[in-house]
Every structure is written in structure tokens, then in C-alpha cells.
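Architecture at a glance
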Amino acid sequence: MKRNITGIILSSLLVLVLSSAAFASSFVTFTADSLFNAKNYAEAVKHYSNIAVKYHNEAVRPEIVSYLFGYEGLKKAVINKSVNSAKVAIYSYYMQALCNVYLKNYGGAINSVNGALACFSFQKMLTPKSLTGAKTPEMVLISQPAQIIADYSAKINALPISATDVLKALQQTARDRYAAYLALANTPQGPAYNELAARYNALIASEKAYADLCINIVSRGLDVQNFEAFDALVNFMKNYRPVDKSVTSTLEVSDKIIAKMTAIALALQGSNVELATYYSTTMQKLISVNAYVKGYLATSGGR
């Protein structure tokens, strides 16, 4: 009976700590937010950076889950704590990116975006520990609620970041994803496989976010007859080396931009034939490189 009461008390304390942490998080970024509102972006970005790194590390760090009874309940509480820490990190990374944009440090902004995306979905090792000792560690995949991901994806997509920088980040993430995929094929079932699978799934999520960001950047330009980001996409695909299955997400970006330009050209047919023709003609550059890459994958097997 005494052990049962102790377990209940420990569980209640953990819930109380988590609730207090969630309440306190609104004060964590107060200084950084004040500096940002005062337009002191150089100092604000330093504070956001420190907060982002601290809470990101808290979210992903391995943890021992000590329990008397009901491991799953405490496991859920630890996961919720990690989700809340990651939310603070996402906000801080986003604000860091915004500061870097104002400071015209676009490379820094991309790095900040990368940090935010890494907090959307991540892996964490939990080690159950009872009175009889530690159990086999498990790797869990922790994800933010869909609405949080949607909200921050929209904010990130609205950042004035160059398509070239995003495409480079997309390529690196895609190559890491493809390498993880190949490694999974040669990894036996077990803890190592589970850890690698969690990393693979997290990379897929980041890759999709970068692809969506790139589509948004190119599309924004096309809506106002600005082809700078479009040309960056065409040149990037022309120089994609080596061409392997990591290029699939870039092809998806290309397919959606081709569909976007087709829709614009069709919409302009009745009002501005000359401009409609220009969109159709310009689009051929992307169609050509898109077809080449797809043909290469089909004939080479995408090694």
C-alpha cells in the first residue's frame, strides 16, 4: 500500500512539474522578445539562439524513466515534457531566423529554419527503470501536434529566404534520408534498426518541409512575374550530382512548379496571350531538366 501511494505521489509530482514548466515557458523568451520588439535584432538573436539550443537539447536528450507501477503513464508524461520543450525551441528557432532575415544573414536564417524543422519530429531514447533495475532502452519518435507543424510551416514558408539556400538544405537532408534508407536494408531488427528507422522518419519530415518551403518561394515569385527563384531551381537540377534517389523530393518540387506555371499560362490565355506564351516557353526549361533526371533514374536504377 505504501509503495502504491508513493507511486501515485511521484506521478502527481511529475504532472505538477510539467504543468508548471508549460506555464513558465511563456516567460522564457521575455528578454529576447523585448529586444526583438525594440528592433535590437543583433542582441535578440543571441538570446533566441541560447534558448533554442537549451530547449532542443532538453527535448532530445536520453532519459531514464524511473517507475514503481505504470511505466506507460510516466513514459507519456516524459514525452509530453519533451514536446513542450521542443515547442519553446521551435518558437526560438523561428524568431532567430526572423532576426537573421532582418540582419540580412540569410545563411543563418536557413540554419535556424533547419533547427525548427528538426523539432517537428525527433527521436529520443528512454530507459525504463523499476525497483529491479534498468530495462532495455527504447527509441521513440516524438512529433509535434499537426496544428503546431502547420502553423510554423506557414510562418517559415513566408520568410524571405532564397530558393538556392533552401535547395541546398533540401539536397543535404535528402541525401541523409537516402543513406539512412540504404542502411536500413542492411540492419537487422533490433534497437539499432529502431533507432535508424526513427532517424529515417524524422529526415523524411524535414525533407518534406524543405520541399514545401521551396515550392512556396518559387511560386511567390511566379505570381508576380519574378523568375529568379525559378531559374535557381532549373540550375540546381541541372547540376544535381550524383543523380540518385535522393533527388526524388526535388523532382516533386519541379512537378508542382510545372503544374503551377501551366495553371498560370492557362489563366492568362484570355487576357494576356503574350505573357501566357512567355510562361509556357520559360516552363520548357524546367520540363526539359525534369525529364532528363527522371529518365536517368529510370535507366540507371538511381544508384
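Residues numbered from 1 in each chain as written. Predicted model: local features only at pLDDT ≥ 70, side-chain atom pairs only at ≥ 80, totals over all residues. Heavy atoms only, no water.

1. So, helix H2 (residues 30-37)
Of all the residues in H2, the buried ones are Ala 32, Asp 33, Leu 35 and Phe 36. Down the axis of H2, the smallest arc covering the buried residues is 160°, so these residues share one side. The exposed set on the far side of H2, more than 90 degrees from its buried face, consists of Phe 30 and Asn 37. Just downstream of H2 lies Lys 39, where phi reads positive at about 65°. (Buried < 20%, exposed > 50% of the residue type's maximum accessible area, 1.4 Å probe, protein only. Helix = DSSP H or I, 4+ residues; strand = E, 2+ residues; numbered from the N terminus. Arc of directions from axis to C-beta.)

2. Quick word on the packing of helix H7 (residues 163-185) against helix H8 (residues 191-223)
Packing of H7 against H8 leaves a shortest axis separation of 8 Å and a crossing angle of 155°. Accordingly, the angle class assigned to the pair H7 and H8 is roughly antiparallel. Viewed along their axes, H7 and H8 form a crossing whose handedness is left-handed. (Axes fitted to C-alpha atoms, helices over the stretch in contact; angles between N-to-C directions. Parallel < 35°, antiparallel > 145°, perpendicular 65-115°, else oblique. Left-handed = near helix turned anticlockwise from the far one by under 90°.)

3. Thoughts on the packing of H2 against helix H3 (residues 41-60)
Their axes nearest at 8 Å, the elements H2 and H3 cross at an angle of 155°. One way to sum up the angle between H2 and H3 is to call them roughly antiparallel. Crossing of H2 over H3 shows left-handed handedness. Contacts from Thr 31, Ala 32, Asp 33, Leu 35 and Phe 36 of H2 reach H3 at Tyr 41, Glu 43, Ala 44, His 47, Tyr 48 and Ile 51. For the contact of H2 with H3, a count of residues per class yields seven nonpolar, two polar and two charged. (Contact = heavy atoms within 4.5 Å. Nonpolar A, V, L, I, M, F, W, Y, C, P; charged D, E, K, R; others polar.)

By themselves these figures say nothing about function.
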